[in-house]
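Results of the structural survey
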Amino acid sequence: MFALSKVAGIRTCCELSCLATRQALQAAAPRCQWASFRDYFLTALGCGLVGSRDLFFLVAILRLVDESLSGPCGPRFSCIDAHGVVDLIKWGYRIFDNNQPSPFPDEVPRINRKLARGYEYRSLSSVQECGYRGICRNRLWNLSFPSPHGILELSHLAEVALSFSQKGNHKDCTEQFCLYSHSNSTLVEQIHKCRPSERDICTEVCFPPELLNAKFSSSIALVKGVRELQDIAWECPNDAQVPRLIQNGQRYMAISHVWSGGTGAGLKKPGAANKCLVDFFRIGRLVRCEGIWWDTICIPAGKEERRIAMDSMLDNYERAAVTVVLVEDLVNSEWKDDGSPAVAIVLSAWFTRGWTAAELYASRGRPVKFLFKGREGPVLKDLDTDILAHKDPDKNGILPVYGFFVAADIIRKFRKAFSKDLGLRDLLGLLRGRTTSWAKDRLLITGLMCKPRGFEPISTGPRITQLLASHFRSIPVIDLYHKEIPARRKGPWAWCPPSIFDLASSPGALGGEQQTLLGGLCEISADGTLRGIFKAHELLETDEVTPCASHSAVIVEIDAALSNRRNCLLLK
């Protein structure tokens, strides 16, 4: 390290501009028990010696750590905080090169594997501490599924969560289960936005359901169920007029929310909403929108009309001029320009639901605005330009902490289309921790997001699973193993479970990095045939084989097959 410092020319600096930047860095940098190294590293950052044009310094330190962890007798040191050193380097690069690809494609994954046990312990301890403070352990742990590095970076999210003034009432939640995730939100009473003293006299606004039914009815009688897409939204609230539907082509905003926050219909009759809540949505004028799509008042009551509306739910977000996210947790959280709002979003009730994930994904390529608490009332903040983008250190003297980058990476995954770079594992990571009121809805959501060939919303769960598997065309070998009864007992699809979420069910501590370590890829043909390279082992009579299954029928079937071991091969 001394030799590296000599080459880099790092020395004590007293320049005022450098000291100001260094002060901001000190406040945001990850903790590191090697205090002298932390001071040395932040000096280099504060003086601009580390940036996109000079990565030698960062790469050299990472390689020193990597080599020190790879001695023939194990790590060559025990008193140095290697985790803190690595965190500082990864955070320092992101501070100055937020949107650039990592310059450490080989070093970081390798070091993460070597330091995994320490990262796991830190994450588990910090998540448990959050639970003691009323922050949901389940919400935190579920973020390991979409995170690029699994559970290794959860401690940074937990650190930000513990700094929030508002905690929660999730002390009894566990890493596996949230007490509130499966509650019946349709019974939650609709909230008021007026003063408590005015709620007894607050009236209702009725959006005529017959107008919705009429507009949807004109879309039903189309050839083979294919209908022309129409903009079905209400004009923004106006005291001087009776509610009416917008004309095709008018700008409208789509509201993304969770009914558990009191913004759903509750027990009100179809089309009815509290006037103060309707008036609140005049914020549409701030984003130059003439109309509003809000499922509470935009889903028709007729059976067939309702089916069409639900099947085309995401179309409303794809065609909206802007999506506005209304979450009471965030509306009551003061906006801060320090990166913490991104962490507040991923820990909110809104981020736990399956349909809101699909709504965010459907809004990719279009502005998404979140409502936060401002000094003089709610303020709209843009997801891309305000929440996910951090300012240079010389702008306002505030820099984001490591947890911001972890949260931002997770949210950005919903802003990309699924392609060769975003595959089946990424899809499952984004949706595995999400909850829905009905079990099949999760599969329906995946189908609506990916739109595989042959998909129809009325398809069965196993059929949607098969279409999704063949849509992505490949799957890591390690992701094939599951404990469920296959939907088909014979034929090409005999390997496939009833739900796509039964695959890739053990991401491990390293998240997506693990799949590159534990085998290659299998190709999936349209008829379900798997093609890949496996290791095949003959089973001897003396081999002990323990079935792993979630149902006794699977165990019985395996035992029956093992009765004639000469006809059995164990694939791995």
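Residues numbered from 1 in each chain as written. Predicted model: local features only at pLDDT ≥ 70, side-chain atom pairs only at ≥ 80, totals over all residues. Heavy atoms only, no water.

Considerations on the packing of helix α5 (residues 82-96) against helix α7 (residues 116-132)
Orientation of α5 relative to α7, taken along the N-to-C sense of each, is 85 degrees, at an axis distance of 11 Å. When the axes of α5 and α7 are compared, the pair comes out roughly perpendicular. Judged by residue contacts, His 83, Val 86, Asp 87 and Lys 90 of α5 engage Gly 118, Tyr 119 and Arg 122 from α7. Here the contact of α5 with α7 is built from residues that sort into two nonpolar, two polar and three charged. (Axes fitted to C-alpha atoms, helices over the stretch in contact; angles between N-to-C directions. Helix = DSSP H or I, 4+ residues; strand = E, 2+ residues; numbered from the N terminus. Parallel < 35°, antiparallel > 145°, perpendicular 65-115°, else oblique. Contact = heavy atoms within 4.5 Å. Nonpolar A, V, L, I, M, F, W, Y, C, P; charged D, E, K, R; others polar.)

A few points about the pairing of strand β7 (residues 368-374)
Taken across its seven residues, β7 has five buried, putting it largely inside the fold. Examined bridge by bridge, strand β6 (residues 322-326) and β7 share three bridges and lie parallel to one another. Its bridge partner lying in β7, Val 324 is registered against Lys 369. Pairing geometry for β7 and strand β8 (residues 377-382), over six bridges, is antiparallel. When the sheet's bridge partners are listed, Lys 369 is paired in β8 with Asp 382. Linking β7 back to β8 in an antiparallel pair, the connection comprises two residues. (Buried < 20%, exposed > 50% of the residue type's maximum accessible area, 1.4 Å probe, protein only. Pairing = 2+ DSSP bridges.)

Focus on α7
Here α7 spans 25 Å end to end across 17 residues, near enough to the 24 Å set by a 1.5 Å rise per residue. Those residues of α7 lying buried are Ala 116, Tyr 119, Ser 123, Ser 126, Val 127, Cys 130 and Gly 131. Summarising the axial view, the buried residues of α7 lie within an arc of 145 degrees, below the 170-degree limit, and thus occupy one face. Exposed positions of α7 whose direction lies more than 90 degrees from the buried face are Arg 117, Tyr 121 and Tyr 132. As for α7, its buried residues are in contact with α5, α6 (107-114), α8 (137-142) and α9 (154-161). After α7 finishes, the residue Gly 134 shows a positive phi value of roughly 90 degrees. (Expected span 1.5 Å × (residues − 1). Arc of directions from axis to C-beta.)

A short note on a nonpolar patch on the surface
A cluster of nonpolar side chains, Phe 177, Leu 179 and Tyr 180, forms an exposed patch at the surface whose accessible area comes to about 300 Å². Among the secondary structure elements, Tyr 180 is positioned in the loop between α9 and β1 (204-206). (Patch = residues over 30% accessible without salt bridge, like charges linked within 9 Å, V, L, I, M, F, W, Y side chains within 5 Å. Areas by Shrake-Rupley, 256 points an atom, 1.4 Å probe, with all protein chains shown as cover. Salt bridge = Lys/Arg side-chain N within 4 Å of Asp/Glu carboxyl O.)

Considering the confidence of the model for the chain
Summarising the model, the chain shows a mean pLDDT of 84, and 88% of its residues fall at 70 or more. Here helix α19 (residues 393-396) stands out as the element of the chain with the lowest mean pLDDT, 54, in contrast to β6, whose mean of 96 is the highest. Contacts from residues 222-227, a stretch scored under 50 in pLDDT, to residues over four places away or in other chains number five contacts. A low-confidence stretch, residues 514-518 stays under pLDDT 50, and its non-local contacts, those more than four residues away or across chains, total ten contacts. (pLDDT = per-residue confidence, 0-100.)

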